[in-house]
Amino acid sequence: MADIYNFSAGPAVLPHPVLVRARDELLDWHGSGMSVMEMSHRGKEFISIAEQAEADLRELLGISSDYHVLFLQGGATSQFAMVPMNLLRGGKQADYVNTGAWSKKAISEARRYCSVNVAASSESTKFTTIPPQATWKQDPASAYAHYTPNETIGGVEFDWIPATGDVPLVADMSSTILSRPVDVSRFGLIYAGAQKNIGPAGLTVVIVRKDLVGNTLTGTPSMFDYKEHADNDSMLNTPPTYAWYLAGLVFQWLKAQGGLDAMAVINERKAGKLYAAIDASDFYHCPVDVRCRSWMNVPFTLAAEALDADFLAGAKAAGLLSLKGHRSVGGMRASIYNAMPEAGVAALVDYMKEFERTRG
Ligand SMILES: *Cc1c(COP(=O)(O)O)cnc(C)c1O
């Protein structure tokens with residue numbers, strides 16, 4: 001197997017032991033004679049896989065019985081619509097905080113269903129910071145308040161949870177879920193596409209407070225109704241069974257690492273090492289305010305854009321893949337999710353130093 005480190009923003013690297021186990025179980029899951037891909041979702045084998053995955057996720061995040069945990073499809077992008085369809089509950093307005101590209105997409109989709117009060121925005125600083133909550137213009141009459149705790153493209157992350165009083169707080173945690181402990185009881189709803197920190201693409205996890213479901217907009221399709229999914233144990237139709245199984249293996253791997261407290265220590269150390277290398281150099285630059293730099297997605301630029309192609313080619317030759325920044329911001333972006341080993345970050349830092357020494 002080629003010895004590489006994959007810094008892709010998503011679909012992203014999976015823990016190596018998870019892939020090995022999936023390979024070992026690929027043709028014959030636990031003596032069933034079948035691959036998980038071939039099993040009925042209603043059979044006892046798959047039901048046991050599904051229930052174990054939910055139990056492990058509940059344990060990792062400390063999710064109480066006040067919440068449904070749903071395993072859906074359609075990506076975080078479908079949640080941009082499902083959230084207003086389900087959570088407006090007769091209301092006409094929602095608060096949104098605009099901290100980057102994904103916030104903006106959530107806002108424009110929500111505008112199809114309600115009036116959006118943009119309570120705060122960092123667009124004027126090109127999304128390199130997070131406006132302090134004291135400056136937000138929240139409306140207590142809003143049906144819910146939505147924010148993006150980690151902006152995958154801009155590399156901006158909240159290390160605090162906004163206070164919203166009685167207004168249910170909704171978070172798009174696609175690129176930060178499971179990277180550190182979080183107090184789920186502060187949220188009305190959390191959603192995440194799986195392909196960053198949970199498992200393969202095709203699965204979307206939704207954690208929603210039970211009292212918030214069951215009052216959808218007129219005309220909401222049943223596939224877009226959280227209560228329909230909750231009432232059917234996320235098996236309203238055929239769920240993405242193999243992705244669900246792989247997510248379950250990732251949850252078991254996280255528990256074996258010591259859970260989210262242990263992951264937070266590792267993630268802080270990995271990010272700290274990379275930012276320290278960037279900040280110690282005049283050649284590399286990270287545009288994000290030091291107070292809100294992401295642990296998961298680290299954007300940086302080189303002293304001259306003309307060197308980008310050589311940097312990427314040399315990185316590829318050194319086995320450091322998918323470092324090109326998002327087309328909307330340019331430069332580089334290293335995504336260092338849970339599954340990125342510390343050795344991968346160390347290899348990147350070594351390569352950056354060598355590139356600066358020879359080309360800077
Ligand atoms: C990747 C991502 C999305 C989009 O996810 P899809 O699963 O492709 O719909 C939305 N929000 C954030 C924060 C993301 O990182």
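Note that the coordinates shown come from a computational prediction; the quantities given were computed from them, not determined experimentally.

Turning next to the packing of helix H2 (residues 44-61) against helix H6 (residues 241-256). Where H2 contacts H6, the two axes come as close as 9 Å, and the packing angle between them is 40°. By the angle between their directions, the pair H2 and H6 is classed as oblique. Between H2 and H6 the crossing geometry is left-handed. Here Phe 46, Ile 49, Ala 50, Gln 52, Ala 53, Asp 56, Leu 57, Glu 59 and Leu 60 of H2 come into contact with H6, specifically with Thr 241, Trp 244, Tyr 245, Gly 248, Phe 251, Gln 252, Leu 254 and Lys 255. The class makeup of the residues in the contact of H2 with H6 is 10 nonpolar, four polar and three charged.

Quick look at the site of the ligand now. Near the ligand, the surroundings consist of 13 residues, among which Thr 77, Thr 152, Asp 172, Gln 195 and Lys 196 are the closest. Backbone polar atom of Ala 76 to an oxygen atom of the ligand: 3.2 Å apart, as the coordinates give it. Contact between the ligand and Gln 195: an oxygen atom at 2.9 Å from a side-chain N or O atom of the residue. Contact with the protein chains hides 87% of the accessible area of the ligand, taken as 390 Å² for the molecule alone. Placement of the ligand is best described as lying within the largest pocket. Counting residues per element, the shell around the ligand draws most heavily on helix H3 (residues 75-87), which supplies four residues. Tallied by class, residues from the shell around the ligand come to three nonpolar, eight polar and two charged.

Procedures and definitions
- Residues numbered from 1 in each chain as written.
- Predicted model: local features only at pLDDT ≥ 70, side-chain atom pairs only at ≥ 80, totals over all residues.
- Heavy atoms only, no water.
- Axes fitted to C-alpha atoms, helices over the stretch in contact; angles between N-to-C directions.
- Helix = DSSP H or I, 4+ residues; strand = E, 2+ residues; numbered from the N terminus.
- Parallel < 35°, antiparallel > 145°, perpendicular 65-115°, else oblique.
- Left-handed = near helix turned anticlockwise from the far one by under 90°.
- Contact = heavy atoms within 4.5 Å.
- Nonpolar A, V, L, I, M, F, W, Y, C, P; charged D, E, K, R; others polar.
- Near = heavy atom within 4 Å.
- Polar contact = N/O pair within 3.5 Å; in protein donor to acceptor, adjacent residues only side chain to side chain.
- Areas by Shrake-Rupley, 256 points an atom, 1.4 Å probe, with all protein chains shown as cover.
- 1 Å grid on protein atoms, 1.4 Å probe; cavity = no way out; pocket = protein on both sides within 12 Å on 5 of 7 lines; lining within 4 Å.
- Sits in = over half its atoms within 2 Å of the grid points.

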